[in-house]
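# A closer look at the structure
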Amino acid sequence: MTRAELIELIRNGENSGVAFKGDDVSATKLASEMVALLNLRGGHILLGVEEDGTVSGLNRDPRKAEEWVMEPARIHIQPATIPYWETVRWDPGRVVGIVSLSEDASDKPYKVKKGSAWVTEVRVGTTTRDATREEEARLYQQSGRIEYGLKPGQGAEATTLDHRRLRDYFEHVPGWGTSGDPESEEWMTQLVNLDLAVRRHRRTAPTVNGVLLFGNNPKRLVPQSGIRAICYAGEEPDYATRADEDLRGPLVPLRDRGGALLEPGLVDQAWDFVRRNTTPTARLEGPRRADRWAYPQSVIRETVTNALVHRDYSIAGTDITLTIFLNRLEISSPGRLPNTVTPQGMKSGMRYARNQTLVNVMRDYGYVDARGMGVRIKIIPGMLEHNGTEPDLIEDEYRFTVRLWK
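Here is a short report on the structure shown in this document. Note that the coordinates shown come from a computational prediction; the quantities given were computed from them, not determined experimentally.

Before going further, it helps to spend a moment on the sheet that holds strand 7 (residues 117-124). The strands that make up a sheet are held in pairs by hydrogen bonds between backbone atoms, and each pair lies either parallel or antiparallel. Spatial strand order, 3-6-7-8: 4 strands in an open sheet with antiparallel pairing. Only two strands of the sheet have a single neighbouring strand rather than two, namely strand 3 (77-78) and strand 8 (127-130). Here strand 3 runs beside strand 6 (residues 111-114); their pairing, made up of 2 bridges, is antiparallel. Following the sheet pairing, Gln 78 is matched in strand 6 by Lys 111. Contacts from helix 2 (residues 27-39) reach strand 3, strand 6, strand 7 and strand 8 within the one sheet, and its direction differs from that of strand 7 by about 60 degrees.

Structure (structure tokens):
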């Protein structure tokens, strides 16, 4: 920082990104100021500048001042940070110390040690104070440590989302009717309220969930967002396959104003793959011939939807797999079951949601059981009614699999 830049900062006074502190500030107070700036958008702490803008200068040797700054940054801040330190000579007798904190600090929320407790601090205007519960939750979301899907999609912009699908959604979900320019403030606010977008650095960016649900090309921004669909001729995997496709696209379909399907979403693509690669049986219902599919459509839709909305999208490099064998169909989702959920708990009606935003929107479209008990209410009874078999729910170290018997 040059002296001219320092003069400009002091002239503009304290603000959300600039704090003035005398050389006698305590280590805890200095750490609090650093934490608050890290939790906002970074900034500068000017040491040797009083609150009224008077330059008093450092009272200690600049080398000793550097050690004094770095110590609380390592000891009193969690996770420890290394700020950028520099000094600027104000005049022959005075030196100002400058502590600079990164704008893109990725480990939010940062905490400061106060006594025996670690406390999250935030910057509100020129004031540093303890964060409220809601403020702390937002910081966790910004860092992606609460839900991966609430992170902004890497490289995602407003045009990343399919405005046709969004308009269809807003028009069909009660109470969410939205018209006008898809890039208007009204639309952006709606997307943020639904956790389909976040506001960062004065711009609105779609979240990972927004891209998964409504993206024009989700696979480009979230490579692990598709379904690998394979059909084998026998009962075990083989090099020779009857069909091998990469299903890709947004989770939700595109419909016309009358509700007719124009473009399928991933769930519908998965059912279409199963329908094309299994052979139905036929029976007479009165004078008409009725086809009976190898697997009931309602069960396939529920199982595929569960895999899509509950998978761990932080695991990159692998898609959900849908595999058809001669005697069974398997749908495997990367990642273990969340929290304390077990296969037995799912059978008894335990509810869980790793990606609540995905669940909410897919429920609006009718893909998710409204009670959150699809395994107990739909999948198991559906297979028992269809052919008297009960699905296998299999969890291993890397994936969760639902196996349906033909």
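Let us keep going from here.
So, about helix 1 (residues 3-12). The set of residues buried in helix 1 consists of Leu 6, Leu 9 and Ile 10. Relative to the axis of helix 1, the buried residues are bounded by an arc of 95 degrees and lie together on one face. Looking at helix 1, the residues exposed on the side facing more than 90 degrees away from the buried face are Ala 4, Arg 11 and Asn 12. Lining the buried residues of helix 1 we find strand 1 (18-21), strand 2 (43-47), strand 4 (84-91) and strand 5 (94-101). With its phi angle positive at about 80 degrees, Gly 13 sits one or two positions after the end of helix 1.

Attention shifts here to the side chain of Thr 401. Summarising the element assignment, Thr 401 is placed in strand 20 (residues 399-405). Within the structure, Thr 401 has its side chain in polar contact with the side chain of Ser 332 (distance 2.7 Å). When neighbours within four sequence positions are excluded, Thr 401 is seen to be in contact with Glu 330, Ile 331, Ser 332, Asp 392, Leu 393 and Ile 394.

Packing of helix 10 (residues 297-310) against helix 12 (residues 356-364) leaves a shortest axis separation of 8 Å and a crossing angle of 145 degrees. Where helix 10 approaches helix 12, its residues Thr 305, Leu 308, Val 309 and His 310 are matched on the opposing element by Leu 358, Val 359 and Met 362.

Cut-offs applied
- Residues numbered from 1 in each chain as written.
- Predicted model: local features only at pLDDT ≥ 70, side-chain atom pairs only at ≥ 80, totals over all residues.
- Heavy atoms only, no water.
- Pairing = 2+ DSSP bridges.
- Helix = DSSP H or I, 4+ residues; strand = E, 2+ residues; numbered from the N terminus.
- Contact = heavy atoms within 4.5 Å.
- Axes fitted to C-alpha atoms, helices over the stretch in contact; angles between N-to-C directions.
- Buried < 20%, exposed > 50% of the residue type's maximum accessible area, 1.4 Å probe, protein only.
- Arc of directions from axis to C-beta.
- Polar contact = N/O pair within 3.5 Å; in protein donor to acceptor, adjacent residues only side chain to side chain.

Remember that the coordinates give geometry; whether it matters functionally is a separate question.
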